[in-house]
Amino acid sequence: MTVLRNMPTQLILAHAPWLLGGALIICIVACAAAGLVLMAAGETSGLLTVLLGAGVPLGIFAMAIKRDQVIFDAHAGTVTVQRRTLFKYKNAVYRLEAVRRAEVDDFSDTARPILTFHDASAPYPLVEAYMSGNGPRRSATAINDWLKAYRRAA
């Protein structure tokens, strides 16, 4: 996740797989263009190229590309986790007082940031996919630093 805004009253983190999404869009456009050129030349295989060559990556794009955003809002006293795909939108809202801290959920060589709570609630993953690199740890550190400053000011 990337920190988009880090102010005393608000922390916003977001994750969007731009590289994978961009690669799928390039594949969709290239296959659609090739299929249309074949169809214009009178080849019936052009229709199959458009349907399969562009349709399969479009289906993957629609189902797999998710944009995740987490908003810590001191004024409202809430944490909002938003998930959006091409067809679906989900959000979860928690009270800031209920959030204990952010931790890192490790799986093999990958990880993801999660929120833990003061009560017996299960940890909530801020992104559904596990990622390699230091991004999940940097996200958890940014959240914990912001929560510490928020609690000192309160």
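Residues numbered from 1 in each chain as written. Predicted model: local features only at pLDDT ≥ 70, side-chain atom pairs only at ≥ 80, totals over all residues. Heavy atoms only, no water.

Draft legend 1. Summary view of unusual backbone geometry. One non-glycine residue, S108, lies in the positive phi region at around 60°. Mapped onto the secondary structure, S108 falls in the loop between β6 (99-107) and β7 (110-117). You can call S108 exposed: its relative accessible area is 69%. (Helix = DSSP H or I, 4+ residues; strand = E, 2+ residues; numbered from the N terminus. Buried < 20%, exposed > 50% of the residue type's maximum accessible area, 1.4 Å probe, protein only.)

Draft legend 2. How the structure looks around the sheet that holds strand β4 (residues 78-84). Overall, antiparallel pairing links the 5 strands, which are arranged β1-β2-β3-β4-β5 in an open sheet. What marks the edges here is a single partner per strand, and that holds for β1 (2-7) and β5 (89-95). Geometrically, the sheet is characterised by an average inter-axis angle of 10° between neighbouring strands, direction not taken into account. The sheet contact formed by strand β3 (residues 67-73) and β4 spans 7 bridges and is antiparallel. Note that in β4 the partner of V70 across the bridge is V81. Contacting β1, β2 (10-15) and β3, helix α3 (residues 135-153) runs over the sheet at an angle of about 165° to β2. (Pairing = 2+ DSSP bridges. Axes fitted to C-alpha atoms, helices over the stretch in contact; angles between N-to-C directions. Contact = heavy atoms within 4.5 Å.)

Draft legend 3. The arrangement of the pattern of salt bridges in detail. Under the definition given, this model contains 9 salt bridges. Where E128 meets K66, a salt bridge forms, and the shortest distance between an N and an O atom there is 3.0 Å. One end of the pair, E128, is in the loop between β8 (124-125) and α3; the other, K66, is in the loop between α2 (45-64) and β3, with 62 residues separating them in the sequence. Judged by relative accessible area, which is 33%, E128 ranks as partly exposed. Note that E97 and R95 form a salt bridge whose closest N and O atoms lie 3.8 Å from each other. The class for E97 is partly exposed, based on a relative accessible area of 47%. (Salt bridge = Lys/Arg side-chain N within 4 Å of Asp/Glu carboxyl O.)

Draft legend 4. Structural view of the packing of aromatic side chains. Scanning all chains against the criterion turns up 5 aromatic pairs. Relative to W146, the ring of F72 lies with its centre 5.7 Å away and its plane at 50°, an arrangement referred to as tilted. Within this pair, whereas F72 is found in strand β3, its partner W146 is found in helix α3, the two being separated by 74 residues in sequence. Put simply, the rings of F72, W146 and Y150 touch in pairs and so form one group of aromatic residues. (Phe/Tyr/Trp six-rings, centres within 6.5 Å; stacked < 30°, edge-to-face > 60°.)

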